[in-house]
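Spelled out from the first residue to the last, the chains are:
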Amino acid sequence: MKRISFKASVIGAALVATVGVLNAQDKPVIATVVKISGIPWFNRMDVGVKEFASSNPTVMASQSGPATADAAQQLKIIDDLVAKKVSALAVVPMDPAVIEGVLKRAMDRGIVVVTHEADNQKNTNANIEAFDNAAYGTALNEKLANCMGKQGKWTSFVGSLGSRTHLQWVDAGAANAKNYPGMTLVDAKNESFDDANKTYEKAKEILRKHPDIRGFQSSAGNDVLGIGRAIEEAGLQGKVCLVGTGLPNPSAKLLDSGAITAIGFWDPKDAGIAMNTVAKMLLDKKPLTDGMNLGVKGYEKVSVTKGPGTGLLLVGNAMVIADKVTYKNYLF
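In every chain, residue numbers begin from 1 and rise along the written sequence. In keeping with the model being predicted, local features are shown solely for residues with a pLDDT of at least 70 and side-chain atom pairs are shown and tallied solely at 80 or more, while totals for entire chains, interfaces and linings include all residues. The basis for the side-chain values is all heavy atoms of the structure; hydrogens and waters are excluded.

(A) Looking closely at the confidence of the model for the chain. A score between 0 and 100, pLDDT records how confident the predictor is in each residue. The predicted model of the chain averages 93 in pLDDT, with 92% of residues at 70 or higher. Between two residues, a contact is recorded if the distance between any of their heavy atoms is within 4.5 Å. Scored below 50 in pLDDT, residues 1-24 shows 63 contacts in the model against residues more than four places distant or in partner chains.

Have a look at this one:
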């Protein structure tokens, strides 16, 4: 275990207060770095990181991330943490390719690296997926197809063209839609940068360009909020379908109004705990074995296989698809 001492620093507006001031501690530090701070999805993950820290007093655990969805800013934060010699990094990459170099440097220095939503990440000891990403994208699209009556134009949104899981989801959705000759994909893979206002403006633009569009499939957690707002303002509830990744509480009003047809998700809190649990196991030199139980809902029997690099790929079973009737079973 490393003895470390460092104070929080600010890289532009990126390094948020959740890094805190890590005073001299005779315990390892696990630093979680998310795609973007201050949005509901990663606020929920921070709840998990804090819960993990509270139940594991032998380690220090914190979360930070850039103020905007910017892979370069996330890179700076990770680079700063590597320089401070944290014991482990738990990263949700904005763009896995951008951070390969800094993660390799971290691993070369003996820092444990765990990633999430990046099954193509080579420089990681372990990458954790909440579920099979192709199956998730297919499930979202199947829900969309049923709402659309398997007919008409539809489009897709991603947080960024570098977001690995988002591309997997919409590509799987596009493959599924080919089962229905009446569905036509238009203007695919619109980038939202997880900004509800930007998504709203883009959705309005698409509704103007394609007044006969029947459906949207989205990926980033804030996308359903922006697209749903555009659908609701146009009075198109029940006429235009929207299925995408989102959290129940932020999506509730739009689900109730019918502007959002259904949301898909996994609990970011549980993902945060799972990442930190795996990081601690690796720090403690414990093996990661196929079928292991991480003690977190949806990760009770994870598959463990070789990843694209020297690390391992862990896949759980934490997928949830909810509509206006069932979302109230998951209020967070």
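From this point, things continue past the structure.
(B) Region of the structure containing the nonpolar core. Residue types Ala, Val, Leu, Ile, Met, Phe, Trp, Tyr and Cys, when buried and joined through side-chain atoms within 4.5 Å, form a set referred to as a nonpolar core. Each residue is placed in one exposure class: buried if its accessible area under a 1.4 Å probe, protein chains only, is under 20% of its type's maximum, exposed if it is over 50%, and partly exposed if it falls in between. Ranked by size, the top nonpolar core spans 83 residues in total, and within it Phe-216, Trp-266, Val-278, Leu-294 and Tyr-299 carry the most contacts. Helix and strand assignments come from DSSP, with helices taken as H or I runs of at least 4 residues and strands as E runs of at least 2, each series counted from the N terminus. For this core, the leading source of residues is helix 9 (residues 268-283), giving nine residues. Phe-216 has contacts with Leu-144, Thr-155, Phe-157, Ala-203, Ile-206, Leu-207, Ile-227, Ile-231, Val-240, Cys-241, Leu-242 and Val-243, leaving out every residue within four places of it along the chain. Of all hydrophobic cores here, the second largest spans 17 residues; its members include Leu-89, Val-102, Ala-106 and Ile-111.

(C) Seen up close, the environment of Ala-279. Relative to the assigned elements, Ala-279 resides in helix 9. Separated by 153 residues in the primary sequence, Ala-279 and Ala-126 have C-alpha atoms spaced 8.4 Å apart. With sequence-adjacent residues up to four places away left out, Ala-279 is seen in contact with Ile-30, Ala-88, Val-112 and Val-114.

(D) Focus on the packing of helix 4 (residues 133-148) against helix 5 (residues 164-177). Their axes nearest at 7 Å, the elements helix 4 and helix 5 cross at an angle of 55°. Regarding the angle of helix 4 to helix 5, the classification is oblique. Judged by the sense of rotation from one axis to the other, the crossing of helix 4 with helix 5 is right-handed. For the pair formed by helix 4 and helix 5, the contact residues are Asn-133, Ala-134, Tyr-136, Gly-137, Thr-138, Asn-141 and Glu-142 on the first element and Thr-165, Gln-168, Trp-169, Ala-172, Gly-173, Asn-176 and Ala-177 on the second. Taken together, the residues that form the contact of helix 4 with helix 5 break down as five nonpolar, eight polar and one charged. Between the N-to-C directions of two axes lies an angle of 0 to 180 degrees, each axis being a line fitted to C-alpha atoms and, for a helix, fitted only over the stretch in contact. Here roughly perpendicular refers to angles of 65 to 115 degrees, roughly parallel to angles under 35, roughly antiparallel to angles over 145, and oblique to all remaining angles. With the far helix as reference, a near helix turned anticlockwise by less than a right angle produces a left-handed crossing, and one turned clockwise produces a right-handed crossing. Residue type decides the class: Asp, Glu, Lys and Arg count as charged, Ala, Val, Leu, Ile, Met, Phe, Trp, Tyr, Cys and Pro as nonpolar, and the leftover types, Gly among them, as polar.

(E) Quick look at the state of the cysteines. Note that a disulfide, as used here, is simply two cysteine sulfur atoms within 2.5 Å. Going through the model one piece at a time under the given rule, you end up with one disulfide. Each sulfur in the disulfide pair Cys-147 and Cys-241 lies 2.1 Å from the other. Every disulfide takes its handedness from the sign of the S-S torsion; for Cys-147 and Cys-241 that torsion is -80°, giving left-handed. Placement of Cys-147 in helix 4 and of Cys-241 in strand 12 (residues 241-245) is noted, with a sequence separation of 94 residues between them. Judged by relative accessible area, which is 31%, Cys-147 ranks as partly exposed.

(F) Broad picture of the pairing of strand 3 (residues 29-33). In terms of burial, strand 3 is a largely internal element, five of the five residues being buried. Residues of strand 3 alternate between two faces, with Val-29, Ala-31 and Val-33 on one and Ile-30 and Thr-32 on the opposite face, all of them buried. Pairing between strands is defined by DSSP: at least two bridges between the two strands are required. Bridge count between strand 3 and strand 4 (residues 60-64): five bridges; the pairing is parallel. Looking at strand 4, one finds that Ile-30 is bridged to Ala-61.

(G) Broad picture of the sheet that holds strand 15 (residues 312-315). If you trace the seven strands from one edge of the open sheet to the other, you get 4-3-5-6-7-15-14, paired in mixed fashion. Strands with a single pairing partner mark the edges of an open sheet, and in this sheet they are strand 4 and strand 14 (303-306). Pairwise comparison of adjacent strand axes, ignoring direction, gives a mean angle of 20° for this sheet. Sheet contacts for helix 1 (residues 40-55): strand 3, strand 4 and strand 6 (112-116); angle to strand 4, the most-contacted strand, approximately 170°.

(H) Layout of the packing of aromatic side chains. Ring pairs are drawn from Phe, Tyr and Trp, using the six-membered ring of Trp, whenever the two centres fall within 6.5 Å, and their geometry is named by plane angle: stacked under 30 degrees, edge-to-face over 60, tilted for the rest. For the coordinates displayed, the defined rule picks out nine aromatic pairs. Note on Trp-169 and Trp-266: the rings are 5.8 Å apart at their centroids and 75° apart in plane angle, and the pair reads as edge-to-face. One end of the pair, Trp-169, is in helix 5; the other, Trp-266, is in the loop between strand 13 (262-265) and helix 9, with 97 residues separating them in the sequence. Take Trp-169: its relative accessible area is 1%, and that puts it in the buried class. Note on Trp-266: relative accessible area 2%, which makes it buried. Through a chain of ring-to-ring contacts, three or more aromatic side chains come together here, namely Trp-41, Phe-131, Tyr-136, Trp-169 and Trp-266. Criterion for a charge above a ring: Lys NZ or Arg CZ within 6 Å of the ring centre, and within 35 degrees of the ring normal. Between the NZ or CZ atom of Arg-229 and the centre of the ring of Tyr-200, over which it lies, the distance is 3.6 Å.

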